[in-house]
Amino acid sequence: MAKAVDRSAARGSVTRAHVIGAGLAGLATAVALARHGVAASLYEAGPAAGGRCRSYFDRGLNCRIDNGNHLLLSGNHAAMTYLDTIGARRTVGGPGVARFPFVDLATGERWTIEPDPGRVPWWIFRPARRVPGTGLRDYLTLLALRHAGADATVAEALDPTSPLYKRLLEPLAVAALNTPPAEALARLLRTVMDATLMKGGEACIPCLPREGLSESFIDPALTWLEPRGGKLLTGCRVTALRAEDGRVVALETTDGIMPVGAGEAVVMAAPPWVADGLVPGLVAPDAFQAIVNLHFRLAADPGEAGFLGVLGGTAEWIFVKPGIVSVTISAANRIVDLTAEELAERVWPDVRAALRLGEAMPAVRVVKERRATFAATAAQERRRPGPRWPAETGGARNLVLAGDWTNTGLPATIEGAIRSGYTAADAILAGA
Ligand SMILES: Cc1cc2nc3c(=O)[nH]c(=O)nc-3n(C[C@H](O)[C@H](O)[C@H](O)COP(=O)(O)OP(=O)(O)OC[C@H]3O[C@@H](n4cnc5c(N)ncnc54)[C@H](O)[C@@H]3O)c2cc1C
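Residues numbered from 1 in each chain as written. Predicted model: local features only at pLDDT ≥ 70, side-chain atom pairs only at ≥ 80, totals over all residues. Heavy atoms only, no water.

In this section: the site of the ligand. The full set close to the ligand counts 34 residues, and E44, R52, H70, L71 and D404 are the nearest of them. For the shell around the ligand, the elements supplying multiple residues, two or more each, are α2 (24-34), β2 (39-44), β15 (288-296), β19 (364-374) and α12 (414-429). Residues belonging to the shell around the ligand are distributed by class as follows: 18 nonpolar, eleven polar and five charged. (Near = heavy atom within 4 Å. Helix = DSSP H or I, 4+ residues; strand = E, 2+ residues; numbered from the N terminus. Nonpolar A, V, L, I, M, F, W, Y, C, P; charged D, E, K, R; others polar.)

Laid out in structure tokens, this is it:
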């Protein structure tokens, strides 16, 4: 969260916030404001809240699915605080310890990484607990991330030929940054590592929604906000901001004009490709990477963690949930234009081999999120604005920005989106 602000004085001056976009960033802003007595109206263009982190009923599969698998780690403090605040911590589960099973489809090898709970990584001193084929010296190369240049890529900062890179660091980097390591910014990976792996196993416990993303991150937030004056308008697209004297005074929406009173703030929590059309002159990320998810309708053994890292195939991570096996492929611009059938034909053999299944391919839903996250490159990093966009360059005094694309210091993740919401709330409480 951003540095402490004197909220006691601000509480009296800001009476309501108008939040454009009810994804995690917008919801986190509303939750943080409500904790200080400021209610929010959320305007959401889609039929439901959640944005890029949502669940819905899929008629073809006849069950609820998530738009894509989302993995959170216990070291993601903003996300954990958010879940605690909205009373949803118990809706996330997982192996309960830091445990990451992998399979290499090319060699048939299987191994599990289990970092020790404390900061001292005893596990790397024991060959049997290391990633197969790695030596102690390989793990020391992780320290190179600390000294990486400001624009260095992951592949430049680490040794892409080492077994540790191929079997652990590359899969983690692609999952966390959603960008090919030859382009992805090493310092964004470092911030993720510093909050998780470098802190030890206590900070790396995988947390997965027991039921679905909406049931953990979205619905409990809306339930918590309602008695605190929160209002959600779905199917309500904001089409323009009306400004006078450097303040936003109204939102033009598909449901009509929404006045913004004196003492009211506006939060732009829509994705960057929308925000830059609504805020004149806004510079925001404009290059994106896809994530492809394939949801196979079948029951399988969840194994020791409920998910499995996969090397040597097209599938990258397999999540086993009740009645559904879901596959995630990140940094997926390279394959996103394949048809659903082509993707399923390519990925199903990986799932069969990884989970040791015998059956034919079951019903499958392919979900392509073409703009899943901004590309975590040096050029895009420079386009990430802070929570304020100055009035003289098209912003407004009572307007703040939130979203995983703002300058959080993190890649586009749940943690980044929630942190951006907390930062936006702090900016409002400090006097937007
Ligand atoms: C497939 C997939 C897998 C992912 N996996 C992970 C993971 O494993 N771990 C992790 O930490 N993160 C993961 N992420 C990233 C994470 O989902 C995002 O960082 C986060 O959800 C972004 O939240 P946000 O609120 O910033 O943006 P969004 O979720 O995009 O929210 C913006 C909202 O604004 C709404 N909107 C747009 N235009 C308008 C308008 N004109 N008026 C009103 N509303 C509007 C949108 O409908 C949307 O609801 C994944 C993302 C995807 C897509």
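Once that is clear, we can look at the pairing of strand β9 (residues 206-209). Neither face of β9 is open: one carries P206 and L208, the other C207 and P209, and all of them are buried. Of the pairings in the sheet, the one linking strand β5 (residues 72-73) to β9 comprises two bridges and is antiparallel in character. Within the sheet, the bridge partner assigned to L72 lies in β9 and is C207. (Buried < 20%, exposed > 50% of the residue type's maximum accessible area, 1.4 Å probe, protein only. Pairing = 2+ DSSP bridges.)

Read from one edge of the open sheet, seven strands run β8-β7-β16-β17-β18-β15-β19, paired in mixed fashion. Two strands close off the open sheet at either side, each with one partner strand: β8 (110-113) and β19. Looking at each pair of strands side by side, their axes are set apart by 25° on average, direction ignored. Of the strand pairs in this sheet, strand β17 (residues 317-321) and strand β18 (residues 324-329) are connected by five bridges, and their pairing is antiparallel. Within the sheet, the bridge partner assigned to W317 lies in β18 and is T328. Across the sheet, helix α6 (residues 163-177) touches β7 (100-104), β8, β16 (307-311), β17 and β19, and the angle it forms with β7 is around 110°. Lying over the sheet, helix α10 (residues 340-355) contacts β7, β8, β15, β16, β17, β18 and β19, oriented at roughly 65° with respect to β15. (Axes fitted to C-alpha atoms, helices over the stretch in contact; angles between N-to-C directions. Contact = heavy atoms within 4.5 Å.)

Between its first and last C-alpha atoms α12 spans 23 Å; for 16 residues at 1.5 Å apiece the expected length is 22 Å, and the two agree. Most of α12 sits out of view: 14 of its 16 residues are buried. Among the residues trailing α12, G431 stands out with phi positive, at a value near 115°. (Expected span 1.5 Å × (residues − 1).)

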